[in-house]
Amino acid sequence: MAQGVKISAPVVSNAHGSATSKRCKIQTRGVNVYYGDKHALHDVSVDIAEKSVTAFIGPSGCGKSTFLRCINRMNDTIPIARVDGKIELDGQDIYDRGLDVVQLRARVGMVFQKPNPFAKTIFENVAYGPRIHGLARSGTDLNGIVETSLRKAGLWEEVKDRLNQPGTGLSGGQQQRLCIARAIAVEPEVILMDEPCSALDPIATARIEELIDELRENFTIIIVTHSMQQAARVSQRTAFFHLGKLVEEGATEQIFTNPHDKRTQDYITGRFG
Ligand code: ADP
């Protein structure tokens, strides 16, 4: 762990604006990421609060997605990427050699920038994960999981009569909600979202933002967004990154109204982007 880094337990505002202490779900200490010789992320230490939305903001190329991908070890899939430092999920080291990465990715789901449903039916998109993870004891169970997941993703009413049609036939916003249903279906604890609305129109974006607000009751959510407005709308905590460093992390309201660091101030007031 980096010397001199002091991290306080996250205090998260609830929907009514009052402060509530939330348990730490993910703790990172001294995380560095290299792509070959390029040192992309420097010494990131942060506590991520449980059952709340944390937004990662900052200019393009500052390391937001790189850090997000550390949390479910997606950087393992990039041959030149090297991660060091410590990341714990509920106190368990996720880079432990004995850890099953497939299980980790079931606990820490991911939703990508561009909706990426499988070239399968709507039903199969959601059923696939629970089936391979053995979450359903019977076909009836599986039907129930699919329905519940689609309901939680706010998509059930729109698709219940066409579950056997291809997921790729849905609108962009519906496809993204299908991808959220697919992520939810394996009962993750954490959902990572990498600019989930950047390919969507404003109405579909608003629908996803409402959904994120509902989902935080049951899941720990981290969202990378290039939109400060979106961060302010959906998150309770915000982390500002700049040039591969985590500059500061705090209650969203504090970051946007009273940031401690001049770089955050300059960014939120539009001095650089
Ligand atoms: P952000 O999400 O904030 O836009 P990224 O995490 O995508 O930033 O990128 C951080 C830095 O790491 C950038 O300089 C980017 O070019 C570099 N980078 C990201 N992914 C790769 C990769 N797969 N290979 C090499 N360099 C990468």
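See the structure printed just above.
Residues numbered from 1 in each chain as written. Predicted model: local features only at pLDDT ≥ 70, side-chain atom pairs only at ≥ 80, totals over all residues. Heavy atoms only, no water.

Enquirer: Residue-level account of the overall build of the protein chain, with values.
Expert: Tallying secondary structure elements over the protein chain gives 10 helices and 12 strands in all. For the protein chain, the spread of C-alpha atoms along the principal axes amounts to about 55 × 40 × 35 Å. Sorting the 273 residues of the protein chain into buried and exposed places 52% on the buried side. For the protein chain, restricting intrachain contacts to residue pairs at least 6 apart in sequence, the fraction spanning at least 24 positions comes to 66%. (Helix = DSSP H or I, 4+ residues; strand = E, 2+ residues; numbered from the N terminus. Buried < 20%, exposed > 50% of the residue type's maximum accessible area, 1.4 Å probe, protein only. Contact = heavy atoms within 4.5 Å.)

Enquirer: Describe empty space enclosed by the protein, listing the residues and the values that go with them.
Expert: Taken as a whole and assessed by the stated rule, the structure comprises 1 cavity of 30 Å³ or more. What lines the largest cavity is Ile26, Ile71, Ile87, Glu88, Leu89, Ile94 and Val108. (1 Å grid on protein atoms, 1.4 Å probe; cavity = no way out; pocket = protein on both sides within 12 Å on 5 of 7 lines; lining within 4 Å. Points joined across faces, edges and corners; volume = space filled by probe spheres on them.)

Enquirer: Could you give me a rundown of unusual backbone geometry, with the residues and numbers involved?
Expert: Although it is not a glycine, aspartate 90 sits at a positive phi angle of roughly 50°. Relative to the helices and strands, aspartate 90 resides in the loop between strand E6 (81-89) and strand E7 (92-93). Positive phi outside glycine occurs at glutamate 187, with the angle close to 55°.

Enquirer: Please give an account of the pattern of salt bridges that cites residues and values.
Expert: Two side chains that carry opposite charge are able to pair once their charged atoms sit near each other. All told, the structure shown has 22 salt bridges when counted by the stated rule. Of the charged contacts, one joins glutamate 124 and arginine 131 as a salt bridge, the two residues approaching to 2.9 Å between their closest N and O atoms. Between aspartate 261 and arginine 263 there is a salt bridge, and its shortest N-O distance comes to 3.0 Å. By relative accessible area, which is 36% here, arginine 263 ends up partly exposed. Overlapping salt bridges, with partners in common, bring together Arg23, Lys25, Glu50, Asp90, Arg107 and Glu189 in one network. (Salt bridge = Lys/Arg side-chain N within 4 Å of Asp/Glu carboxyl O.)

Enquirer: Break down the site of the ligand for me, citing the residues and quoting the values.
Expert: In the vicinity of the ligand, 14 residues are found, and the nearest of them are Lys38, Gly61, Lys64, Ser65 and Thr66. Residue lysine 38 places a side-chain N or O atom 3.3 Å away from an oxygen atom belonging to the ligand. In this structure, threonine 66 approaches the ligand through a side-chain N or O atom, which is 2.5 Å from an oxygen atom. Considered on its own, the ligand offers 560 Å² of accessible surface; in the complex 67% of this is hidden by protein. Those elements that provide at least two residues to the shell around the ligand are strand E4 (38-49) and helix H1 (64-70). (Near = heavy atom within 4 Å. Polar contact = N/O pair within 3.5 Å; in protein donor to acceptor, adjacent residues only side chain to side chain. Areas by Shrake-Rupley, 256 points an atom, 1.4 Å probe, with all protein chains shown as cover.)

Enquirer: I'd like a description of the packing of aromatic side chains, backed by residues and values.
Expert: One pass over the full model with this rule turns up 5 aromatic pairs. Clustering of aromatic rings is evident, with ring pairs tying together Phe56, Phe67 and Phe241. It is arginine 82 that lies over the ring of tyrosine 34; its NZ or CZ is 4.3 Å from the centre. Of note, arginine 182 hangs over the ring of phenylalanine 118, and the distance from its end group to the ring centre comes to 4.3 Å. (Phe/Tyr/Trp six-rings, centres within 6.5 Å; stacked < 30°, edge-to-face > 60°. Lys NZ or Arg CZ within 6 Å of the ring centre and 35° of its normal.)

Enquirer: Before we move on, could you go through helix H6 (residues 172-184) and cite the residues and values that matter?
Expert: Compared with an ideal rise of 1.5 Å per residue, which puts 13 residues at 18 Å, H6 spans 18 Å between its outermost C-alpha atoms and is within 8% of the ideal. Of all 13 residues making up H6, 12 are buried, and the element is well covered by its neighbours. Buried within H6 we find Gly173, Gln174, Gln175, Gln176, Arg177, Leu178, Cys179, Ile180, Ala181, Arg182, Ala183 and Ile184. Packed against the buried residues of H6 are strand E8 (108-111), helix H3 (122-132), helix H4 (139-152), helix H5 (156-159), strand E9 (190-194) and helix H7 (202-215). (Expected span 1.5 Å × (residues − 1).)

Enquirer: Lay out the environment of alanine 49 with the relevant residues and their values.
Expert: Secondary-structure assignment places alanine 49 in strand E4. Exposure remark for alanine 49: the relative accessible area of 1% places this residue in the buried category.

Enquirer: Describe H7, naming the residues involved and giving the relevant values.
Expert: For an α-helix, the turn length of 3.6 residues means that residues three or four places apart are oriented alike. The terminal C-alpha atoms of H7 lie 20 Å apart, and with 14 residues this matches the ideal 20 Å at 1.5 Å per residue to within 8%. Taken together, the buried residues of H7 touch strand E5 (53-57), H4, H6, E9, strand E10 (220-224) and helix H8 (228-234). Where H7 begins, one side-chain oxygen reaches toward the backbone nitrogen of isoleucine 203, 3.0 Å away; that side chain belongs to aspartate 201.

Enquirer: Go over the pairing of strand E3 (residues 24-35) with me, naming the residues and quoting the values.
Expert: Along E3, 10 of the 12 residues are buried, which leaves the element largely enclosed by surrounding structure. One ladder, built from 8 bridges, connects E3 with E4; its direction is antiparallel. Note that in E4 the partner of isoleucine 26 across the bridge is isoleucine 48. In textbook terms, the turn of a hairpin is the stretch between consecutive antiparallel strands, and for E3 and E4 this stretch comprises 2 residues, one of which, glycine 36, has a positive phi near 60°. Here E3 pairs with E6 via 8 bridges, running antiparallel. Residue pairing in the sheet places tyrosine 35 in a bridge with alanine 81 of E6. (Pairing = 2+ DSSP bridges.)

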